[in-house]
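# Geometric and topological summary
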Amino acid sequence: MIDVNSSAIVLGFAVGLPISALFFWGLNWAMRLALVSEHPGRLLLLSFFCRMVILLGIGFGLTALSGTLWSLAGYMLAFVVIRVVVVLRTKLTLASHVSEQQEGINAADSR
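Below is a summary of the structure that appears in this document. Everything quoted here is computed from the prediction, not taken from an experiment.

## Considering the environment of Val84
For Val84, the position within the fold is in helix H3 (residues 70-109). Separated by 19 residues in the primary sequence, Val84 and Leu65 place their C-alpha atoms 27 Å from one another.

## Section: helix H2 (residues 40-66)
The first and last C-alpha atoms of H2 sit 39 Å apart over 27 residues, in line with the 39 Å expected at 1.5 Å per residue. Of all the positions in H2, only Ser47, Arg51, Leu55, Gly59, Leu62 and Thr63 are classed as buried. Phi turns positive, to about 75 degrees, at Gly67, one or two residues after H2.

## Comments concerning the packing of aromatic side chains
Given two aromatic rings, one states the distance between the centres and the angle between the planes to describe the pair. Taken as a whole and judged by the stated rule, the model has five aromatic pairs. Taken together, a centroid distance of 5.6 Å and an interplanar angle of 55 degrees make the contact between Phe48 and Phe49 tilted. One aromatic cluster is present, built from ring pairs that chain together Phe23, Phe24 and Phe79. The residue whose ring lies beneath Arg51 is Phe23, and the NZ or CZ to ring-centre distance is 4.6 Å.

## A short note on the packing of helix H1 (residues 6-36) against H2
In the contact formed by H1 and H2, the axes pass within 9 Å of each other and the chain directions differ by 175 degrees. When the axis of H1 is compared with that of H2, the two are roughly antiparallel. For the pair H1 and H2, the contacting residues are Leu11, Gly12, Val15, Ile19, Phe23, Gly26, Leu27, Ala30, Met31, Leu33 and Ala34 in the first and Pro40, Leu43, Leu44, Ser47, Arg51, Met52, Leu55, Ile58, Leu62 and Ser66 in the second. Residue classes in the contact of H1 with H2 are distributed as 16 nonpolar, four polar and one charged.

## Thoughts on H1
Over its 31 residues, H1 runs 45 Å from end to end, which matches the ideal 45 Å to within 8%, given 1.5 Å per residue. At Gly16, H1 shows its strongest bend, of approximately 30 degrees, with the proline Pro18 following within four residues. Those residues of H1 that fall on the buried side of the exposure criterion are Ala8, Gly12, Gly16, Ile19, Ser20, Phe23, Phe24, Gly26, Ala30 and Ala34.

Conventions adopted
- Residues numbered from 1 in each chain as written.
- Predicted model: local features only at pLDDT ≥ 70, side-chain atom pairs only at ≥ 80, totals over all residues.
- Heavy atoms only, no water.
- Helix = DSSP H or I, 4+ residues; strand = E, 2+ residues; numbered from the N terminus.
- Expected span 1.5 Å × (residues − 1).
- Buried < 20%, exposed > 50% of the residue type's maximum accessible area, 1.4 Å probe, protein only.
- Phe/Tyr/Trp six-rings, centres within 6.5 Å; stacked < 30°, edge-to-face > 60°.
- Lys NZ or Arg CZ within 6 Å of the ring centre and 35° of its normal.
- Axes fitted to C-alpha atoms, helices over the stretch in contact; angles between N-to-C directions.
- Parallel < 35°, antiparallel > 145°, perpendicular 65-115°, else oblique.
- Contact = heavy atoms within 4.5 Å.
- Nonpolar A, V, L, I, M, F, W, Y, C, P; charged D, E, K, R; others polar.
- Bend = angle between axes of the 7 residues up to and from the residue.

Coordinates in, geometry out; function isn't part of it.
This is the structure in structure tokens:
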């Protein structure tokens, strides 16, 4: 029988939530800078490497600290949860912008 270390999973999840939020905040920031940059590829590559070093470094440190891979499972679960939240929020924001634009077009057509 597999022994599940629930305290390590909770630790990984608790550490993973703010780190994952920081990861996606950094992605948002880099995308905004890249849109006005002369060299967006370089900027996005540098941003990716910095975010990935932080994400993986903390994940490896967490695994070494807890001594089990269950903390890494919680850490990855937190990343997936934050990713789903970010994607859903982005889709909802985009849908509201599109509907506002369509309402503006419809109002202009009715004149």
